[in-house]
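Okay, here's what each chain looks like letter by letter:
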Amino acid sequence: MAKTAAQPKTMESNHKVASVLSTGLFAILCAMGSWNNMLWPMLVFRDTSKFTLQIGLNTLLTPYGNNYNLLIAGSMVGILPILIIYLIFQRYLIDGMTSGAVKG
C-alpha cells in the first residue's frame, strides 16, 4: 500500500493489524464449521465405517438406551482439535473483538 502525504503512518499499521485479526477469527470459524459439519457427511457416506466422529456419537443415542460413558469420552476427543485451534488463535480473537471498542 503506497503512503500518501495525507495518510498517517498509524493508518497503515492499523490496516495490517486488522487483517491479521480478521484472519485469525476467520481461521477459528472455518475450522469449527468444518469440524462440526454433520449434515453433508451423513448424506454422502453410506458405509458406517466412514462416518465422522459427530455422526458416530449421534448413533450412540438410541430409543433403547444411551451409552453415556462413550458419548462423553467421544465428545471430549471431539472438542480437542477446536480447543487447540482456539488456544493458538486466542490472542487474535480477543484483540479482534475489542479493537472496535470505544473508550467511554
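Residues numbered from 1 in each chain as written. Predicted model: local features only at pLDDT ≥ 70, side-chain atom pairs only at ≥ 80, totals over all residues. Heavy atoms only, no water.

Regarding the overall build of the chain
Rules: Runs of H or I in DSSP of at least four residues are treated as helices and runs of E of at least two as strands, each being numbered from the N terminus. Only protein chains enter the accessibility calculation, which uses a 1.4 Å probe. A residue is then buried if its area is under 20% of the maximum for its type, exposed if over 50%, and partly exposed in between. We call two residues in contact whenever any of their non-hydrogen atoms come within 4.5 Å of each other. To measure how exposed things are, a 1.4 Å probe is used in the Shrake-Rupley method; for residues, cover is taken only from the protein chains shown.
When helices and strands are counted, the chain shows 4 helices and 2 strands. Each of the 104 residues in the chain was classed as buried or not, and the buried ones make up 13%. Restricting the contact set of the chain to residue pairs at least 6 apart, pairs at least 24 apart contribute 43%. Summed over all atoms, the accessible surface of the chain reaches about 8,200 Å², with 68% contributed by carbon and sulfur.

What about the environment of Ile82?
Mapped onto the elements of the fold, Ile82 is located in helix α4 (residues 68–98). The sequence separation of Ile82 and Trp35 amounts to 47 residues, and the corresponding C-alpha distance is 7.8 Å. With sequence-adjacent residues up to four places away left out, Ile82 is seen in contact with Ala31, Met32 and Trp35.

Comments concerning a nonpolar patch on the surface
Here is the rule we go by: For patches, a residue must show more than 30% relative accessible area and have no salt bridge; joins then use 9 Å for like charges and 5 Å for nonpolar side chains, namely Val, Leu, Ile, Met, Phe, Trp and Tyr. By salt bridge we mean one thing: a side-chain nitrogen of Lys or Arg within 4 Å of a carboxyl oxygen of Asp or Glu.
Residues Leu61, Tyr68, Ile72, Met76, Ile79, Leu80, Leu83, Ile84, Leu87 and Ile88 make up a contiguous nonpolar surface patch of roughly 1,000 Å² in combined accessible area. One can find Ile84 in helix α4.

Focus on the environment of Ile72
For Ile72, the location among the structural elements is in helix α4. Ile72 gets classed as exposed once you look at its relative accessible area, which sits at 56%. Separated by 15 residues in sequence, Ile72 and Leu57 have C-alpha atoms that sit 9.0 Å apart.

Considerations on the side chain of Gln54
Cut-off, in case you're wondering: Whenever two N or O atoms come within 3.5 Å, that pair is a polar contact, provided that in protein one can donate a hydrogen and the other can accept it, and provided that, for residues adjacent in sequence, both atoms are side-chain atoms.
In this structure, Gln54 sits in helix α3 (residues 53–58). The class for Gln54 is buried, based on a relative accessible area of 17%. Side-chain polar atoms of Gln54 contact the backbone oxygen of Trp35, separated by 3.2 Å. Apart from residues lying up to four places away in sequence, Gln54 is in contact with Trp35, Asn36 and Met38.

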